[in-house]
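Here is what each chain is made of, one letter per residue.
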There are 4 protein chains.
Amino acid sequence: MKKIKIGIVGGTGYTGVELLRLLARHPHAVIQVITSRGEAGLPVADMFPSLRGVVDLLFSDPAQVDLTQCDVVFFATPHGVAMQQAPSLVAAGVKVIDLAADFRLQDTQVFEHWYKLAHACPDLLQQAVYGLPELYAQHIVDAQVIGNPGCYPTTVLLGLAPLLEQDWLDLSVPIIADAKSGVSGAGRKAEVATLFAEASDNLRAYGVAGHRHQPEILAQLRQLSGHPEIQLIFVPHLIPMIRGMLTTLHVKLNAQGQAQQLQSVYQARYQASPFVDVMPAGALPDTRSVRGSNQLRIAITPQQDGYVTIVVVQDNLVKGASGQAIQNMNLMFDLPADAGLQVLPLLP
Amino acid sequence: MKKIKIGIVGGTGYTGVELLRLLARHPHAVIQVITSRGEAGLPVADMFPSLRGVVDLLFSDPAQVDLTQCDVVFFATPHGVAMQQAPSLVAAGVKVIDLAADFRLQDTQVFEHWYKLAHACPDLLQQAVYGLPELYAQHIVDAQVIGNPGCYPTTVLLGLAPLLEQDWLDLSVPIIADAKSGVSGAGRKAEVATLFAEASDNLRAYGVAGHRHQPEILAQLRQLSGHPEIQLIFVPHLIPMIRGMLTTLHVKLNAQGQAQQLQSVYQARYQASPFVDVMPAGALPDTRSVRGSNQLRIAITPQQDGYVTIVVVQDNLVKGASGQAIQNMNLMFDLPADAGLQVLPLLP
Amino acid sequence: MKKIKIGIVGGTGYTGVELLRLLARHPHAVIQVITSRGEAGLPVADMFPSLRGVVDLLFSDPAQVDLTQCDVVFFATPHGVAMQQAPSLVAAGVKVIDLAADFRLQDTQVFEHWYKLAHACPDLLQQAVYGLPELYAQHIVDAQVIGNPGCYPTTVLLGLAPLLEQDWLDLSVPIIADAKSGVSGAGRKAEVATLFAEASDNLRAYGVAGHRHQPEILAQLRQLSGHPEIQLIFVPHLIPMIRGMLTTLHVKLNAQGQAQQLQSVYQARYQASPFVDVMPAGALPDTRSVRGSNQLRIAITPQQDGYVTIVVVQDNLVKGASGQAIQNMNLMFDLPADAGLQVLPLLP
Amino acid sequence: MKKIKIGIVGGTGYTGVELLRLLARHPHAVIQVITSRGEAGLPVADMFPSLRGVVDLLFSDPAQVDLTQCDVVFFATPHGVAMQQAPSLVAAGVKVIDLAADFRLQDTQVFEHWYKLAHACPDLLQQAVYGLPELYAQHIVDAQVIGNPGCYPTTVLLGLAPLLEQDWLDLSVPIIADAKSGVSGAGRKAEVATLFAEASDNLRAYGVAGHRHQPEILAQLRQLSGHPEIQLIFVPHLIPMIRGMLTTLHVKLNAQGQAQQLQSVYQARYQASPFVDVMPAGALPDTRSVRGSNQLRIAITPQQDGYVTIVVVQDNLVKGASGQAIQNMNLMFDLPADAGLQVLPLLP
């Protein structure tokens, strides 16, 4: 089989190195080019010695490469880059998967409010597909442009989809998403707040009054539920671990929902999804059980009065970012779902 | 001033060593005796080298010491020990502060259900005072026996007291306490689940279907609010840090509550409380800002539809245990509130 | 190709779960049976949820299984177990790879001194091969029994082999091996000293006056150098990280050694070794650059007066244990060197 | 007693906040002013919430304050700042304690080589005293300017002083200092290499080919020993912990040294030093046993052939920086040695 030719724009962050780790062992893909404005000319393995002997590429100057030779281009860049380059790539028949937010929010006003950028290609945005394969596989298959979901949204949406799709939530109370992320979620940026000596042996909530993933989740909740009035309280926390995300969802079921056997409902909903694992009743997942893998695990615990606690874990850099991007690519190119994603979690 | 003579029963755990650290520098107290069944004869500083040159005591065999020579005895023991020894101590005029659960729950049936122990002295229990100084100082002053609160309950109760006391919560929705604790909360016990290689770089919820602090919190919520029907969903999480506890409270205000300026309400309520700090509007506390100190910090963030997010942080071993016990002792012996508790947080 | 049938004795520790992680994806092997005295009947994935959906085996009662149906049996047991069972397995034509110390030390007196056990099969021990593939591949190919090296010895021996083989060390000064290990090296045993709250944010030397790996290293140094008088000072340290080992070697070269271009010497020596990577001059490896992989990296820094500092890193559970065991298996069964060992390091 | 008036220049780093933590509780000192070019006008407690309610100062613009009103000024600044301001302060009768390197190296050529700065006041440098109280108390008492030692040098020099002072080392082999530091040693600077996601669960050596503390240590070793030919191999490592430093010293004794009972020698040498603790024979110190305190602990382990392993631990920010600076101040102002330094280590 002919290998898919891959381009990566902006490969010096954590989602970039994670794409490299997974794609370097992908049986049906070959990385053609990886760009970095700041590091052009540097061997990738000099920056990421974990890839010594495996990845022989140098970072290329983005101004000097022709990405139209690629079959697909991943943008592992800051918000606002992909939307500048996607139109010409798509015009040249190249598929685009953006790991930033440029193609996640269909409402450009919301996008502009939260990201302080005017959208560069609202037409293309309309065709873009939200790349959550367990929900939108049919659309992803034919997509030219994928907005790869944020890490937090992935946990909330997959944790609630079985209930939203069946209209089993009591929407008179808000969904509460008490979310916890490892520090790599903040990216590979030199900042005091995420220094080891600041973030280690420490815990804090942040963005309580407003986080960019809140509107993204809300837009999807509305779409999935068909209820524009659905409410969400989203509180993220920074956890002293490198990778891993755990979201605790507190929701109330409506009468119909309360009549269900949720454990079976969830197991049935995700039976055909290789990357979503519903834990047995009574078992709670820990984040290390998915560390380094594309797996996401869900546990459902009924509470009093129709409330339910749903715990979702994933590796924020894999299922929450680069692994999910490759999962999308596999769908777009009709490859086996788990191609390049068979890597097992690292425990301990 | 004559120094208060102190006994510590069971000094080999984390609350024990924390009592030692704080009491060794207390200006009005002197540790007379510290017992340990397993370590009798061992110098305390051999087990805890941090105390070399400061604490010269040996652990004593509990069977060989006369604790009635003490003015106050702290029990830093497993649940069930203090209730065996408290009656004779109280009869001898010795005050008792139990850091375990023996004197926290007035309902002995609830106690027996959760701790699998028949209560040994229900009469004495009735006189025992729940040792949360910011709420019950007047009773603590005259108490013979203190049930020192659990770490989680301290955060929930101080986080909600200003609202409960004024009856400002909408009790048609449950209080959600999404709580996060450092690993020292599990104690100094040899267990696989809290090994470094298990608990580090990892995150999990636990006890979702039932945790011993749930009934303790609920009993206090009922008392404080005067509403027996008040509901609580309590979900604790284990965080890869040594010390520190952060509880995120999600509550709904009733109409009266929604009319308040909560920031001022909280500041006024805790103005006279040296160990409770209400953060300025918009600022969120991190756990390291209280590490090693008896401080507890609270931040209030209004959400839509009358919901409020309240974040509370403390050091689980200090304000959540040994520091609070000393705060109670200071009240009981008419000492300055901050005697022995002036130690500042260690940051970074 | 027919798959190799594998048995694992004692699969509940960290080397056990690491064998499972790697062998579950090995293209030429299939795990037939895994035993545990304490956990017989339990699904492996209940203990190690990272393997849910991948490993379907239950732990078997060692008394109830016939290991002679296997082609090779790995012992991931405490010291002293393999030597009891190896003779009958070898007699039945089954190859044995012991990850404990039973077959590492040819001198049974030394073994008995350090492990407080009489050796159960000194005859078989004589045929056993020390399983360090980069040094002894020719013997491993035909071995019936492999003593898989200790983690510390692997770093010291591969770090020094190029010098020892050429007799380039000045043996009038001792080799100093200042070694640092992550906490998983202590195993998955319930012990206070390796609790998160004890080992995190902390650092200590241990075993300075004597560590079991000292005689193992020394025996190999003598063999490799041909100099029985060679001296070693070995000081291990416990580092607050899960995995990873870094050994800093301080040695003096003799006149001949000082005349060499060590960087080229090392590169040439390990050119054909896929799992040993000599860093470019001036670059120092970090442990995360090998996390989860079978890679070992070496950096050489010349110092004044003929001294050299050699830094060696590996993942203690992979190249230092289970990965190396599989590397040995691949040699013994004439499989590609990297079969099952292509997993890339997890960074960050 | 009249309180000493203190100025702090550059208070936004870790040594700055550590000075604040300790001085805020110093019974004989009062912080008059703290400057920061970048943060002028900001309340100190906004940057360091651990000091809320304790430190009420704002950061001052250094251009706007008159430091000559202070009795002593601490420089917690980058290298090169103190030497610009010290002359005018000294002329005004203000004592200066520099926590950076400006007054540590008497040889200005060495200073200029390592710090790439011409020395601004070589005359004043000549009068400056190296502020290691256990070695130079007599000079510190009368000093106008103190060069506060580096963290690594403190461990090496106090670990070796008893041997150097008696000329008991065999100088034909170099001193090997294999040193390990927590990440706070790198300071509170936004840098990728010390991000949590980079430095956590990781270990590396650095500066093997040359570190600025090497010439500082060497100069002091020469002075203490009287042997200009003394040799040092210094290899620092970065440990994933916030605070703490452990240096493992590998040295050889000469014949006279080998005749000594080192345990007694060390105990006698440091008997009068309240901040140096010689561990009992056979006991090894961990870094947490000094966390947050000014204590330094030493353990001596004899090896074969006259070699000795000496392990030294300290908190790099306290005895390795700010605590030692206050210890110097206490000497300079004839205060009790432990004034402000009685804070006990935080364990766990």
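Residues numbered from 1 in each chain as written. Chains lettered and ligands numbered in written order. Predicted model: local features only at pLDDT ≥ 70, side-chain atom pairs only at ≥ 80, totals over all residues. Heavy atoms only, no water.

## So, the overall build of chain A
A count of helices and strands for chain A gives twelve helices and 13 strands. Taking 2.2 N^0.38 as the reference for a compact globule, 348 residues should give roughly 20 Å; the C-alpha atoms of chain A span a radius of gyration of 20 Å, in line with that estimate. Each of the three principal axes of chain A carries a C-alpha extent, and together these read 60 × 45 × 40 Å. A separation of at least 24 residues holds for 70% of the contacts in chain A among residues at least 6 apart in sequence. Accessible surface computed for chain A: about 11400 Å², of which carbon and sulfur atoms make up 48%. (Helix = DSSP H or I, 4+ residues; strand = E, 2+ residues; numbered from the N terminus. Rg over C-alpha atoms; globule rule 2.2 N^0.38 Å. Contact = heavy atoms within 4.5 Å. Areas by Shrake-Rupley, 256 points an atom, 1.4 Å probe, with all protein chains shown as cover.)

## Thoughts on the relation of the copies chain B and chain A
Expressed as a screw transformation, the operator carrying chain B onto chain A has a rotation angle of 180° and an axial translation of 0.0 Å, and the superposed copies differ by an RMSD of 0.0 Å. Taken together, these values place the two copies in the relation of a two-fold axis. Residues of chain B ranked by C-alpha distance from the rotation axis are headed by B:Pro240, positioned 3.1 Å from it. The share of interface residues of chain B whose copies in chain A are also at the interface is 100%, consistent with both copies meeting through the same surface. (Least-squares fit on C-alpha atoms with pLDDT ≥ 70 in both.)

## What about the environment of C:Asn294?
Residue and element names in this part refer to chain C. When you line up the elements, Asn294 lands in the loop between strand 11 (276-278) and strand 12 (296-302). Note on Asn294: relative accessible area 1%, which makes it buried. In this structure, the C-alpha to C-alpha distance between Asn294 and Met245, residues 49 residues apart in sequence, is 12 Å. Apart from the residues within four sequence positions on either side, Asn294 is in contact with Phe275, Val318, Lys319, Gly323, Gln324, Gln327 and Leu341. Polar contacts involving the side chain of Asn294 include one to the main-chain amide nitrogen of Gln324, which spans 3.4 Å. Side-chain polar atoms of Asn294 contact the side chain of Gln327, separated by 3.1 Å. (Buried < 20%, exposed > 50% of the residue type's maximum accessible area, 1.4 Å probe, protein only. Polar contact = N/O pair within 3.5 Å; in protein donor to acceptor, adjacent residues only side chain to side chain.)

## Quick look at unusual backbone geometry
With an omega of 0°, the peptide bond running from B:Leu347 to B:Pro348 counts as cis. Here B:Pro348 lies in the segment after helix 12 (318-332). With a phi angle near 55°, A:Lys116 is a residue other than glycine that sits in the positive phi range. Mapped onto the fold, A:Lys116 is located in the loop between helix 4 (108-115) and helix 5 (122-127). Exposure remark for A:Lys116: the relative accessible area of 64% places this residue in the exposed category.

## Re the interface of chain D and chain C
Every contact between the two is made by 44 residues of chain D and, on the other side, 44 residues of chain C. With both chains or domains summed, chain D and chain C bury close to 3700 Å², and 58% of this area falls on carbon and sulfur atoms. Applying the counting criterion to the chain D and chain C interface returns six salt bridges. In this structure, the salt-bridge partner of D:Arg288 is C:Glu198, at a minimum N-O distance of 2.6 Å. (Buried area = accessible area lost by both parts, 1.4 Å probe. Salt bridge = Lys/Arg side-chain N within 4 Å of Asp/Glu carboxyl O.)

## Topic: the pattern of salt bridges
All names here are of chain B. Counting across every chain of the model gives 60 salt bridges over all chains. The residue Glu18 makes a salt bridge to Arg21 at a minimum N-O spacing of 2.7 Å. Linking Glu18 with Arg21, this pair stays in helix 1 (residues 14-23), spanning three residues, or about one helical turn. Each member of the pair, Glu18 as well as Arg21, carries the same accessibility label: buried.

## Observations concerning helix 1 of chain B
Within helix 1 of chain B, nine of the ten residues are buried, which leaves the element mostly enclosed by the surrounding structure. All buried positions along helix 1 of chain B are accounted for by B:Tyr14, B:Gly16, B:Val17, B:Glu18, B:Leu19, B:Leu20, B:Arg21, B:Leu22 and B:Leu23. In this fold, the buried residues of helix 1 of chain B make contact with strand 1 (4-9), strand 2 (29-35), helix 2 (44-47), strand 3 (72-75) and helix 12 of chain B together with helix 8 (196-199) of chain C.

## So, the pairing of strand 9 (residues 232-239) of chain C
All names here are of chain C. In terms of burial, strand 9 is largely enclosed, as eight of its eight residues are buried. By the alternation rule, side chains of strand 9 split into Leu232, Phe234, Pro236 and Leu238 and Ile233, Val235, His237 and Ile239, which are all buried. Where strand 7 (residues 175-182) and strand 9 come together, eight bridges link them in parallel fashion. Looking at the pairing, Gly182 lines up with Ile239 of strand 9. Inspection of the sheet shows strand 8 (residues 204-205) paired to strand 9 by two bridges, in the antiparallel sense. The residue bridging Ala205 from the neighbouring strand is His237, located in strand 9. (Pairing = 2+ DSSP bridges.)

## Some thoughts on the sheet that holds strand 12 of chain C
Residues and elements named next belong to chain C. Pairing within the open sheet is mixed, and its seven strands lie in the order 8-9-7-10-13-12-11. The open sheet has two edge strands with one neighbour each: strand 8 and strand 11. Its contacts with the sheet put helix 9 (residues 213-225) on strand 7 and strand 9, and the angle it makes with strand 9 is roughly 135°. (Axes fitted to C-alpha atoms, helices over the stretch in contact; angles between N-to-C directions.)

## Considerations on the interface of chain B and chain A
Contacts between chain B and chain A engage 44 residues on the former and 44 residues on the latter. Taken together, both faces of the contact between chain B and chain A bury some 3700 Å²; the carbon and sulfur share is 58%. Sorting the residues of chain B by area buried against chain A places B:Asp201, B:Leu203 and B:Val208 first, and these three jointly supply 17% of that buried surface. At the boundary of chain B with chain A, the tally comes to six salt bridges. Looking at the side of chain B that touches chain A, the elements that each hand over two or more residues are strand 7 (175-182), helix 8 (196-199), strand 8 (204-205), strand 9 (232-239), strand 10 (245-252) and strand 13 (307-314) of chain B. With five residues, the single largest contributor to the side of chain B that touches chain A is strand 9 of chain B. Here the residues of the side of chain B that touches chain A sort into 22 nonpolar, twelve polar and ten charged. (Nonpolar A, V, L, I, M, F, W, Y, C, P; charged D, E, K, R; others polar.)

## Quick look at the relation of the copies chain D and chain C
For these two chains of identical sequence, chain D goes onto chain C by a turn of 180° and a shift of 0.0 Å along the axis, with RMSD 0.0 Å. Both copies present the same face, since 100% of the interface residues in chain D are matched by interface residues at the equivalent positions in chain C.

## Some details on the packing of helix 7 (residues 151-165) of chain D against helix 11 (residues 262-269) of chain D
All names here are of chain D. Here helix 7 crosses helix 11 at 105°, and the two axes come no closer than 10 Å. Relative to helix 11, the element helix 7 is oriented roughly perpendicular. Counting all contacts with helix 7, which are made through Gly159, Leu160, Pro162, Leu163 and Glu165, the residues of helix 11 involved are Leu262, Val265, Tyr266 and Arg269. For the contact of helix 7 with helix 11, a count of residues per class yields six nonpolar, one polar and two charged. (Parallel < 35°, antiparallel > 145°, perpendicular 65-115°, else oblique.)

## Regarding the sheet that holds strand 7 of chain B
All names here are of chain B. Spatially, the seven strands line up as an open sheet ordered 8-9-7-10-13-12-11, and their pairing is mixed. The open sheet is flanked by strand 8 and strand 11 (276-278), the only strands paired with a single partner. Seen against the sheet, helix 7 (residues 151-165) touches strand 7, strand 9, strand 10, strand 11, strand 12 (296-302) and strand 13 and runs at an angle of roughly 40° to strand 10. Taken strand by strand, helix 9 (residues 213-225) contacts strand 7 and strand 9, and its axis lies near 135° from that of strand 9.

## What about the domain arrangement of chain A?
Residues and elements named next belong to chain A. Partitioning chain A into domains gives domain 1 (4-127) and domain 2 (152-316). A straight line from the C-alpha centre of domain 1 to that of domain 2 covers 27 Å. Counting from both sides, the interface comprises 13 residues of domain 1 and, opposite them, eleven residues of domain 2. For the pairing of domain 1 and domain 2, the buried interface totals around 1100 Å² over both sides, and the portion due to carbon and sulfur atoms is 56%. Summed over the three residues of domain 1 that lose the most area to domain 2, namely Tyr14, Arg104 and Trp114, the buried surface amounts to 50% of that side. On inspection of domain 1 and its partner domain 2, the count reaches two salt bridges. Arg243 is paired through a salt bridge with Glu18; the nearest N and O atoms lie 2.8 Å apart. (Domains from an automatic or database assignment.)

## Section: helix 11 of chain D
Residues and elements named next belong to chain D. Among the residues of helix 11, those classed as buried are Leu262, Gln263, Val265 and Tyr266. Each buried residue of helix 11 lies within a common arc of 165° when the element is viewed along its axis, so the set occupies one face. For helix 11, the elements touching its buried residues are helix 7, helix 10 (255-258), strand 11 (276-278), strand 12 (296-302) and strand 13 (307-314). (Arc of directions from axis to C-beta.)

## A look at the pairing of strand 4 (residues 95-98) of chain A
Residues and elements named next belong to chain A. Of the two faces of strand 4, both are covered, the one formed by Lys95 and Ile97 as well as the one formed by Val96 and Asp98. In this sheet, strand 4 lies alongside strand 3 (residues 72-75) in parallel orientation, the contact comprising four bridges. In the strand pairing of strand 4, Val72 is matched with Lys95. In the classification by handedness, the crossover that spans strand 3, the intervening helix 3 (residues 82-91) and the parallel strand 4 is right-handed. For strand 4 and strand 6 (residues 145-147), the ladder comprises three bridges, and the chain directions are parallel. In the sheet register, Ile97 faces strand 6, and the bridge partner there is Ile146. (Right-handed = clockwise from strand over helix to strand, strands pointing away.)

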